[in-house]
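Architecture at a glance
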Amino acid sequence: MPTSRSLTGRKRSRSGYALLACGLVGGLAAPAAVAASPGTQTGQTGTSVSKQRQPGPAAPRGRVGLWTSVNQAHPNRVYHGQTDDIARVGKRDLRNNRELNGVWRSFITMGSQDLHRPGTIRKAELRVRNATSQSCAPYNVEVWDTGRVYPSTTWDRQPRWYRLLGWVSPAPRPCQNRTLSFDVTASARAAQHNRWPSMTLGLKSTNERSSDAYKTFTPSTARLVVHWN
């Protein structure tokens, strides 16, 4: 039976997109979910222009909602709306612009209302562009189910990291301007079962000691790709 509060502490909203109203990427609600089949395209409104070829319901058309990053070196600093379209993960330790040095983690809220329909989710993936990497070494990037984030979220006030959903070991080449795919099936199924209006996903480096693991991502490119049975 659907619950009014998720396992990750996210409360349901009376308004369909209440949790997505703040911090929309670039001032626009970017499409976040597309059909996991060839030939599906998505416009700025998030509307699929071709039918999903797999059996079952059409893919959801969620949106990228509030996203932000936090930095251990500046534990009380708010970065929401201050980093353009750049989400940082891992330890940055460079001579230029030391203000950005430190251990970074990032959070992305994905709309999940369109998962509230009959059908079985076989697999769900978060796909997001890895814009830059400090090195081409294959350091793991993890995706977690976390609590909600707010415009006031900081390192010292970051949400709880509830469970590790999976990780990606990026190939050594290319090591920038590539799309990484994270398995978020468990969160998508929970969002469907509990009828959560959104789910928050946390990105962090497995190795937060080496600056070679530092990466940046482009939140506006985030997509929730759902495969249905």
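Cut-offs applied
- Residues numbered from 1 in each chain as written.
- Predicted model: local features only at pLDDT ≥ 70, side-chain atom pairs only at ≥ 80, totals over all residues.
- Heavy atoms only, no water.
- Disulfide = S-S within 2.5 Å.
- Helix = DSSP H or I, 4+ residues; strand = E, 2+ residues; numbered from the N terminus.
- Buried < 20%, exposed > 50% of the residue type's maximum accessible area, 1.4 Å probe, protein only.
- Pairing = 2+ DSSP bridges.
- Core = buried A, V, L, I, M, F, W, Y, C linked by side-chain atoms within 4.5 Å.
- Contact = heavy atoms within 4.5 Å.
- Polar contact = N/O pair within 3.5 Å; in protein donor to acceptor, adjacent residues only side chain to side chain.
- Salt bridge = Lys/Arg side-chain N within 4 Å of Asp/Glu carboxyl O.
- pLDDT = per-residue confidence, 0-100.

Turning next to the state of the cysteines. Disulfide: a covalent bond connecting the sulfur atoms of a pair of cysteines. Going through the model one piece at a time under the given rule, you end up with one disulfide. Linked covalently through their sulfurs, Cys136 and Cys175 form a disulfide whose S-S length is 2.0 Å. With Cys136 in the loop between strand S5 (121-133) and strand S6 (141-146) and Cys175 in the loop between strand S7 (161-168) and strand S8 (178-183), the pair connects residues that are 39 residues apart, well separated along the chain.

Attention shifts here to the pairing of S8. Taking every second residue as pointing to the same face, the buried face of S8 carries Arg178, Leu180 and Phe182, while none of Thr179, Ser181 and Asp183 on the other face is buried. Of the pairings in the sheet, the one linking S5 to S8 comprises six bridges and is antiparallel in character. If you follow Arg129 over to S8, its bridge partner there is Thr179.

Counting 30 residues, the largest nonpolar core has Met110, Leu115, Phe182, Val184 and Leu224 as its most contacted members. Among the elements that make up this core, the one with the highest residue count is strand S10 (residues 215-228) (five residues). Among all residues touching Phe182, those that are not within four sequence positions of it are Ala124, Glu125, Leu126, Val128, Val141, Val143, Val168 and Leu203. Residues Val70, Val149, Trp155 and Trp161 belong to the second largest nonpolar core, which totals eight residues.

Along the chain, Ser135 falls in the loop between S5 and S6. Of the polar contacts made by the side chain of Ser135, one reaches the backbone nitrogen of Ala137; its length is 3.3 Å. Apart from residues lying up to four places away in sequence, Ser135 is in contact with Cys175 and Asp212.

Topologically, Arg77 is positioned in the loop between strand S2 (64-71) and strand S3 (87-92). In the structure, Arg77 is positioned 78 residues away from Trp155 in sequence and 7.6 Å away in space, judged by C-alpha atoms. If near-sequence neighbours (up to four positions away) are discounted, Arg77 is found in contact with Glu99, Thr153 and Thr154. Engagement of the side chain of Arg77 in a polar contact is seen with the side chain of Glu99, the distance being 2.3 Å.

You can see Asn101 is positioned in the loop between S3 and strand S4 (102-111). Here Asn101 falls in the buried class, since its relative accessible area comes to 11%. Reaching out from Asn101, the side chain makes a polar contact with the backbone oxygen of Leu94 at a distance of 2.9 Å. Filtering out sequence-adjacent residues up to four positions away, Asn101 remains in contact with Asn71, Ala73, His74, Arg92, Asp93 and Leu94.

Quick look at the pattern of salt bridges now. Scanning the model with the defined rule gives six salt bridges in all. For Lys204, the salt bridge is made with Glu142, and the minimal N-O distance between the two is 3.6 Å. Taken as a pair, Lys204 in strand S9 (residues 198-205) and Glu142 in strand S6 lie far apart in primary sequence, 62 residues in all. You can call Glu142 buried: its relative accessible area is 10%.

Looking now at helix H1 (residues 185-194). Taken across its 10 residues, H1 has seven buried, putting it largely inside the fold. Burial in H1 covers these residues: Thr185, Ser187, Ala188, Ala190, Ala191, Gln192 and Asn194. Where H1 is buried, its residues contact S5, S6, S7, S8, S9 and S10.

Looking now at the confidence of the model for the protein chain. Detailed conclusions should not be drawn from predicted coordinates in areas where pLDDT is low. In the predicted model, the protein chain carries a mean pLDDT of 77, and the fraction of residues at 70 or more is 72%. This stretch, residues 1-61, has a pLDDT under 50; its non-local contacts, to residues over four places away or in other chains, come to 153 contacts.

Here S9 lies mainly inside the structure; eight of its eight residues are buried. With burial as the criterion, each face of S9 is covered, one bearing Ser198, Thr200, Gly202 and Lys204 and the other bearing Met199, Leu201, Leu203 and Ser205. Of the strand pairs in this sheet, S4 and S9 are connected by six bridges, and their pairing is antiparallel. When the bridges of S9 are listed, Ile108 appears paired with Leu201. Bridge analysis of S6 against S9 gives five bridges, and the strand direction is antiparallel. Paired with Val141 across the bridge in S9 is Ser205.

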